[in-house]
Every structure is written in structure tokens, then in C-alpha cells.
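In case you want the letters, here they are:
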Amino acid sequence: MSDVADRVLARLVPDFEQEADPGRAEGQQAYMRDQFPYLGLTLPQVRKLSKIVMTGLPRPGQDDLRAIVLRCWDLPEREFQYFACEILRGDALDPEFLPTLRTLITTKSWWDTVDPLATRVVGDLVRAHPALATTMDAWSADDNLWLARTAILHQLHWGTATDTRRLFSYCTAQAGHRDFFIRKAIGWALRHYARTDPSAVRAFVDALRDVLSPLSVREATKHL
């Protein structure tokens, strides 16, 4: 591990553990179907502590970030994975970081880490490096539902820069998917894009109404 990563982890673990709330942790763990242990930190606490942990330390380079986030993914409590998502958000990552993001998305996978990675990290990376869109094409058809969900959601905040052809093709390809998280992602992505081009979303849903799940249709048309 790099020196910067060593220093971050040396602060991170005791700072987070000091604020642990076992009572809240029990409720959080139950809410997340007992998939992960928790310290009992709220998301605002995680964000506040994350800033404190990083204060005064050198800005991590790509190798430092890779070491930090992978180490966080190895730690048991879920808040450490939330910290990893926080420090990646808004950072100008290199295209070579995408395989690391793939590892994070496909390991300890659940919506609470996949969604911020998809919409705020992968999305920013692909927008900055358009050649990576071909990787999103591959992910959109992957058997791993979390990669497919990431591909569907990665343009969520792109607005007028959205590649509509890709968005609609991903939704079409996965329209018959049986999993709740894919159906929800389709509806969420379409509903968000409807803020930019409601007529296009309305036309798309109307054309595929017999193929899309009721959940996807309901979510997509919520504000139309």
C-alpha cells in the first residue's frame, strides 16, 4: 500500500469506529437484509468524517485511490465502502481506473454502493472519456445485473448530453429482465431523462409498453 493510503487508513478506521452506534447499526443491518455489518453511522456522519479524515493529507493519486478503495472494500463494515464512494466522487479519474470500478461494482454488490458509483463516478469517467462508452455497451448486456444496472444508470445526470440511442437501446435490451433492480433502473433512468426530453421518453414507453415491466413503465411515466 502507498504511503498516502497507509495514512488515510490509519485515520479512517479509528475515526469511524469512535462514532459507532451499535443500536443504529442493528437497524441498518436489518434494513439491508443482514448482508453487511454496520458501525451505525448516518450518511451525513460518513460525509463529515470523510472530510475530516482527508484534511491535511496529500491529494491521493490514481494508485493511491486504488489502494484506498480496495482496502475499504476489504473492511467488514459498510460505512468503509461508503467512504470509498465519497472519495471517488468528483475526482478526475483516468480511463485505466474503470477495471477497479468494475471490481467495486461486482463485489459486495448492493444498490447503496452501486448507484453512487454508477451515477457519480462511472458516469463522470465515461463522460470525460467517451471511448469508454463501448465498455458500457458490454456492461449493459452483462449477466451480472449490477454491471447492467450501472450501464443503464451511468448517464443519469448528463441531461442534454445524454446519448439517447444508447439509453434507449440499453433499456430495450433489458426490458424483459426479471430482476427488480434492473426494472427499477430502467424506470429511474427514463424518468430522469424525461426532465430533458419528455416527448422522447413518452414515445419510447408507448412503443415498448407491452415489453417493459409495469414497474419500469410506472417509474418512467411518474411525472409525464
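Residues numbered from 1 in each chain as written. Predicted model: local features only at pLDDT ≥ 70, side-chain atom pairs only at ≥ 80, totals over all residues. Heavy atoms only, no water.

(A) A look at the packing of helix H4 (residues 62–74) against helix H5 (residues 78–88). Closest axis-to-axis distance for the H4/H5 pair is 8 Å, and the angle between their directions is 155 degrees. Accordingly, the angle class assigned to the pair H4 and H5 is roughly antiparallel. Crossing hand, H4 versus H5: left-handed. Each of Leu 65, Ile 68, Val 69, Cys 72 and Trp 73 in H4 lies in contact with H5, whose residues at this interface are Phe 80, Gln 81, Phe 83, Ala 84, Cys 85, Ile 87 and Leu 88. In terms of residue class, the contact of H4 with H5 is made up of 11 nonpolar, 1 polar and no charged. (Axes fitted to C-alpha atoms, helices over the stretch in contact; angles between N-to-C directions. Helix = DSSP H or I, 4+ residues; strand = E, 2+ residues; numbered from the N terminus. Parallel < 35°, antiparallel > 145°, perpendicular 65-115°, else oblique. Left-handed = near helix turned anticlockwise from the far one by under 90°. Contact = heavy atoms within 4.5 Å. Nonpolar A, V, L, I, M, F, W, Y, C, P; charged D, E, K, R; others polar.)

(B) Structural detail: the packing of helix H7 (residues 111–128) against helix H9 (residues 145–153). At a closest axis distance of 9 Å, the pairing of H7 and H9 adopts a crossing angle of 40 degrees. On the basis of the axis angle, H7 is oblique to H9. Seen along the crossing, H7 lies across H9 with a hand that is right-handed. Here H7 contributes Trp 111, Val 114, Asp 115, Ala 118, Thr 119 and Val 122 to the contact with H9, which in turn contributes Trp 146, Arg 149, Thr 150 and Leu 153.

(C) Structural context of the side chain of Glu 219. When you line up the elements, Glu 219 lands in helix H13 (residues 214–220). Residue Glu 219 is classed as buried on the basis of its relative accessible area of 6%. If we ignore the near neighbours within four places in the chain, the residues touching Glu 219 are Lys 184, Gly 187, Trp 188 and Arg 191. (Buried < 20%, exposed > 50% of the residue type's maximum accessible area, 1.4 Å probe, protein only.)

(D) View of the packing of aromatic side chains. Within the structure shown, the criterion is met by 9 aromatic pairs. Relative to Tyr 193, the ring of Phe 168 lies with its centre 6.3 Å away and its plane at 80 degrees, an arrangement referred to as edge-to-face. Taken together, the residues Phe 168 in helix H10 (residues 164–173) and Tyr 193 in helix H11 (residues 180–193) connect sequence positions 25 residues apart. With respect to class, Phe 168 is no different from Tyr 193; both count as buried. When the ring of Phe 168 is compared with that of Phe 204, the centres are 4.4 Å apart and the planes differ by 10 degrees; the resulting orientation is stacked. With Phe 168 in helix H10 and Phe 204 in helix H12 (residues 198–208), the pair connects residues that are 36 residues apart, well separated along the chain. The same class applies to Phe 168 as to Phe 204, namely buried. Among the aromatic residues, ring-to-ring pairing joins Trp 110, Trp 146, Phe 180 and Phe 181 into one connected group. The ring of Phe 36 carries Arg 78 above its face, with NZ or CZ at 3.7 Å from the centroid. (Phe/Tyr/Trp six-rings, centres within 6.5 Å; stacked < 30°, edge-to-face > 60°. Lys NZ or Arg CZ within 6 Å of the ring centre and 35° of its normal.)

(E) Structural context of H10. Buried within H10 are the following residues: Arg 166, Leu 167, Phe 168, Tyr 170 and Cys 171. Buried residues belonging to H10 abut helix H8 (133–140), H9, H11 and H12. Residue Asp 163 occupies the N-cap position of H10, its side-chain oxygen lying 3.3 Å from the main-chain nitrogen of Arg 165. (Polar contact = N/O pair within 3.5 Å; in protein donor to acceptor, adjacent residues only side chain to side chain.)

(F) A look at the nonpolar core. Core analysis: the biggest nonpolar cluster contains 77 residues, and Val 8, Phe 16, Phe 83, Leu 88, Leu 101, Leu 117 and Leu 190 have the highest contact counts within it. Not counting residues up to four positions away in its chain, the partners in contact with Leu 101 are Leu 88, Leu 93, Leu 117, Val 121, Val 122 and Leu 125. (Core = buried A, V, L, I, M, F, W, Y, C linked by side-chain atoms within 4.5 Å.)

(G) Looking closely at H7. For H7, spanning 18 residues, the distance from its first C-alpha to its last is 24 Å, which sits close to the expected 26 Å at 1.5 Å a residue. Considering bend angle alone, the principal kink of H7 is centred on Ala 118 and spans about 40 degrees. Within H7, the full set of buried residues consists of Asp 112, Thr 113, Val 114, Asp 115, Leu 117, Ala 118, Thr 119, Val 121, Val 122, Gly 123, Leu 125 and Val 126. Packing partners of the buried residues in H7 comprise H4, H5, helix H6 (98–106), H8, H9 and H11. (Expected span 1.5 Å × (residues − 1). Bend = angle between axes of the 7 residues up to and from the residue.)

(H) A look at the pattern of salt bridges. Inspection of the entire model under this criterion finds 14 salt bridges. Asp 163 is the partner of Arg 166 in a salt bridge, and the nearest nitrogen-oxygen pair spans 3.1 Å. Relative accessible area serves as the criterion here: at 15%, Arg 166 is assigned to the buried category. Judged by relative accessible area, Asp 163 falls into the partly exposed class, the value being 25%. Beyond isolated ion pairs, a larger network of salt bridges with shared partners links Lys 184, Arg 191, Glu 219 and Lys 222. (Salt bridge = Lys/Arg side-chain N within 4 Å of Asp/Glu carboxyl O.)

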